[in-house]
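# Architecture and fold: a report
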Amino acid sequence: MKILVVGSGGREHAIAWKMLQSPRVQKVFVAPGNGGTATEQGLENLPIRDLSELAHWARSQQIDLTVVGPEAPLAAGIVDLFRSQGLRIFGPTQQAAQLESSKAFSKDFMVRHGIPTATHETFTQAEAAHAHVDRLGAPIVVKADGLAAGKGVVVAQTLEQAHAAIDDMLQIQPGIQASDGVARVVIEACLVGEEASFMVVTDGADVVPLATSQDHKRLLDHDQGPNTGGMGAYSPAKVVTPAIHARVMREVIYPTIEGMKKDGIPFSGFLYAGLMIGADGSIKTLEFNARLGDPETQPLMMRLRSDLFELLWAATDPKGGKLKDLQLDWDRRTALGVVMASEGYPASPVAGDVVTLAAKVSADVKVFHAGTSLSQGHWVTAGGRVLCVTALGEGVRAAQHLAYEAIQGVAFRGMQFRRDIGFRALSH
Ligand code: AMP
Ligand code: GLY
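Described below are features of the structure shown in this document.

About the cut-offs
- Residues numbered from 1 in each chain as written.
- Chains lettered and ligands numbered in written order.
- Predicted model: local features only at pLDDT ≥ 70, side-chain atom pairs only at ≥ 80, totals over all residues.
- Heavy atoms only, no water.
- Helix = DSSP H or I, 4+ residues; strand = E, 2+ residues; numbered from the N terminus.
- Rg over C-alpha atoms; globule rule 2.2 N^0.38 Å.
- Buried < 20%, exposed > 50% of the residue type's maximum accessible area, 1.4 Å probe, protein only.
- Contact = heavy atoms within 4.5 Å.
- Areas by Shrake-Rupley, 256 points an atom, 1.4 Å probe, with all protein chains shown as cover.
- Lys, Arg positive; Asp, Glu negative; His and termini not counted.
- Charge placed at Lys NZ, Arg CZ, Asp CG, Glu CD.
- Arc of directions from axis to C-beta.
- Polar contact = N/O pair within 3.5 Å; in protein donor to acceptor, adjacent residues only side chain to side chain.
- Pairing = 2+ DSSP bridges.
- Axes fitted to C-alpha atoms, helices over the stretch in contact; angles between N-to-C directions.
- 1 Å grid on protein atoms, 1.4 Å probe; cavity = no way out; pocket = protein on both sides within 12 Å on 5 of 7 lines; lining within 4 Å.
- Points joined across faces, edges and corners; volume = space filled by probe spheres on them.
- Core = buried A, V, L, I, M, F, W, Y, C linked by side-chain atoms within 4.5 Å.
- Salt bridge = Lys/Arg side-chain N within 4 Å of Asp/Glu carboxyl O.
- Near = heavy atom within 4 Å.
- Phe/Tyr/Trp six-rings, centres within 6.5 Å; stacked < 30°, edge-to-face > 60°.
- Lys NZ or Arg CZ within 6 Å of the ring centre and 35° of its normal.

## Focus: the overall build of the protein
Along the backbone of the protein there are 13 helices and 24 strands. Its C-alpha radius of gyration of 21 Å places the protein within 12% of the 22 Å reference for a compact globule of 428 residues. A principal-axis box enclosing the C-alpha atoms of the protein has dimensions of 60 × 50 × 45 Å. A burial count over the protein gives 59% of its 428 residues as buried. Of the contacts formed within the protein by residues at least 6 apart in sequence, a portion of 70% connects residues at least 24 apart. Of the accessible surface of the protein, which amounts to about 17,600 Å², a share of 51% is contributed by carbon and sulfur atoms. Side-chain charges in the protein split into 40 positive and 45 negative, and the spacing between the mean points of these groups amounts to 5 Å.

## Regarding helix H3 (residues 51-60)
Since there are 3.6 residues in each turn of an α-helix, residues three or four apart along the chain are aligned in direction. Within the sequence span of H3, burial applies to Leu51, Leu54, Ala55, Trp57 and Ala58. All buried residues of H3 lie within an arc of 165° about the axis, which places them on one face of the element. Considering only its buried residues, H3 is in contact with strand S1 (2-7), strand S2 (27-32), helix H4 (71-75) and helix H5 (78-84). Two or three places before Ser52, at the start of H3, stands the capping residue Asp50, its side-chain oxygen 3.3 Å from that residue's backbone nitrogen. Directly beyond the C-terminal end of H3, a positive phi value near 50° is found at Gln62.

## Describing the sheet that holds strand S10 (residues 194-202)
On the basis of which strands lie adjacent, the open sheet formed by 4 strands has the order S11-S10-S16-S17 and antiparallel pairing. Strand pairing shows two members of the sheet lacking a second neighbour, strand S11 (207-209) and strand S17 (283-289), which therefore form its edges. With direction set aside, neighbouring strand axes in the sheet form an average angle of 35°.

## A word on empty space enclosed by the protein
Here the structure, examined in full by the defined rule, presents 2 cavities of 30 Å³ or more. Taken as a whole, the second largest cavity spans an internal volume of roughly 50 Å³. If you go around the second largest cavity, the residues you meet are Leu99, Glu100, Ser102, Lys103, Ser106, Lys107, Met110, Lys143, Leu286, Glu287 and Phe288. Looking at the lining of the second largest cavity, the elements with two or more residues in it are helix H6 (98-101), helix H7 (103-112) and S17. Among the elements that take part in the lining of the second largest cavity, H7 stands out by supplying 4 residues, more than any other.

## A few points about the nonpolar core
The biggest cluster of nonpolar side chains holds 49 residues, and the ones touching the most others in it are Leu4, Leu54, Ile78, Phe82, Val252 and Ile253. Sort the elements by how many residues they give to this core and helix H10 (residues 242-262) lands first, with 7 residues. Discounting chain neighbours no more than four positions away, the residues touching Phe82 are Leu4, Leu51, Leu54, Ala55, Ala58, Thr66, Leu87 and Ile89. Grouped together as the second largest cluster of nonpolar side chains are 39 residues, Ile15, Leu65, Ala211 and Leu292 included.

## Focus: the pattern of salt bridges
Opposite charge on two side chains makes pairing possible when the charged atoms of those side chains draw close. Applying the stated criterion across every chain, the model contains 25 salt bridges. Note that Arg291 is salt-bridged to Glu71, the shortest N-O span being 3.0 Å. Here Arg291 is found in the loop between S17 and helix H11 (297-303), whereas its partner Glu71 is found in helix H4, with 220 residues between them in sequence. Residues Arg291 and Glu71 agree in their burial class; the two are buried.

## Some details on the site of ligand 2
Every residue close to ligand 2 is listed here: Asp215, Gly229, Tyr272, Asn289, Arg291, Gly293, Asp294, Pro295 and Glu296. Contacts to ligand 2 include Asp294, whose backbone N or O atom sits 2.9 Å from a nitrogen atom. The separation between a nitrogen atom of ligand 2 and a polar side-chain atom of Glu296 is 2.8 Å. Against a free-state accessible area of 200 Å², the protein chains account for coverage of 91% of ligand 2.

## A look at the packing of aromatic side chains
Scanning the model with the defined rule gives 6 aromatic pairs in all. Relative to Trp57, the ring of Phe29 lies with its centre 4.9 Å away and its plane at 75°, an arrangement referred to as edge-to-face. On the criterion of sequence distance, the pair formed by Phe29 in strand S2 and Trp57 in helix H3 is long-range, its members being 28 residues apart. Here Phe29 matches Trp57 in class, with each residue buried. Between the aromatic rings of Tyr404 and Phe417, the centroid separation amounts to 6.4 Å while the plane-to-plane angle is 40°, which identifies the pairing as tilted. Of this pair, Tyr404 sits in helix H13 (residues 396-407) while Phe417 sits in the segment after strand S24 (410-411), and the two are 13 residues apart along the sequence. Just as Tyr404 is buried, Phe417 falls in that class too. For the cation-ring pair, Arg88 lies above Trp313, with the distance from its terminal atom to the ring centre recorded as 3.5 Å.

Printed below as a string of structure tokens:
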């Protein structure tokens with residue numbers, strides 16, 4: 001089988017690496033890929049970003065299955081395009097991807113289908129939004145509608161911050177695209193608790209849950225500093241006990257899949273529910289993503305023992321029904337990934353620095369590339385999150401130990417990383 005993975009981050013390196021472990025997969029192309037996918041045997045980068053061109057190429061190469069990593073091509077309709085050309089692709093349609101690409105759509109959807117989430121209201125007029133936050137007080141959460149690459153959410157601790165966020169978001173800014181060109185803000189109650197990432201594979205009817213994980217969104221140790229795309233992750237997330245797991249499936253995942261089907265826009269692909277688990281055991285959905293998380297995917301792929309190709313092949317079966325009763329086998333150890341980011345990340349990452357890696361790492365360590373490219377035979381930084389050093393160990397401490405040991409073999413100018421990935425798991 002010939003596979004195409006769309007994207008260029010650490011998540012896509014991990015997906016491609018795992019796909020290649022299937023005995024049925026001969027070759028995995030990554031478009032556009034990064035410095036890691038460029039150098040891994042069996043993977044090949046494809047410098048095509050235009051979606052029509054990519055579909056044309058996939059047909060000419062008789063690609064058997066395409067897997068989409070990031071949200072942008074999903075929101076741009078890559079799945080609709082590929083399907084219309086008879087290509088097999090795993091991911092949600094443009095309409096279904098609104099669960100992620102429009103906060104207003106996803107909040108309204110959750111309310112309509114009784115899925116637990118923070119109470120909210122949507123505004124297009126600044127005046128009404130300002131009056132609303134004055135009424136409710138701080139802390140309060142202000143979110144821009146549309147894809148904002150993690151920059152569209154302000155958890156305002158003061159009313160001043162909330163007012164500033166509203167003014168900021170109600171002007172359409174470069175990088176924040178509202179789906180229909182209308183700027184909207186969603187204002188919601190501030191939830192407290194511990195966050196967890198809950199991802200599943202679905203064909204629009206049946207659901208196979210993946211292992212649980214937890215991300216670290218802030219740049220600095222002890223959850224300080226600005227929000228980022230994610231500075232590290234580990235799996236499993238202990239906060240998701242078996243009892244909570246069962247309730248998440250019953251209260252969040254099944255109603256979402258059922259609700260999308262009922263609304264006439266069945267959701268197939270990876271579905272990611274970002275959860276807030278309260279100390280009292282309450283479960284709320286913070287957000288949906290229409291894709292896997294990055295960096296959560298890196299530890300997940302380290303732990304997955306089942307064949308990823310077979311899973312996604314089953315999920316895209318033209319007749320459907322192949323995910324029923326499918327169970328995945330996971331390494332019972334903990335996987336933990338530490339993101340190495342470039343100088344200036346997240347505000348203004350610096351590119352072009354040479355990256356050196358120790359030639360040998362432990363068999364339980366994998367260095368996934370994200371923002372790297374290959375230039376004249378060596379790796380250079382080419383983005384904010386450069387690498388994700390991921391390790392498998394007996395428990396969080398052992399995985400931490402291995403990952404941080406491996407980091408000593410990594411060097412590039414100005415590198416930043418957190419030294420406390422996994423800290424929450426140690427308190428359970
Ligand atoms: P989102 O893109 O909606 O997941 O928001 C990004 C991050 O903002 C989440 O991972 C949370 O850390 C935080 N956040 C979002 N919504 C809320 C909320 N209602 N209460 C508290 N924190 C939130
Ligand atoms: N790591 C969070 C995300 O991928 O959205």
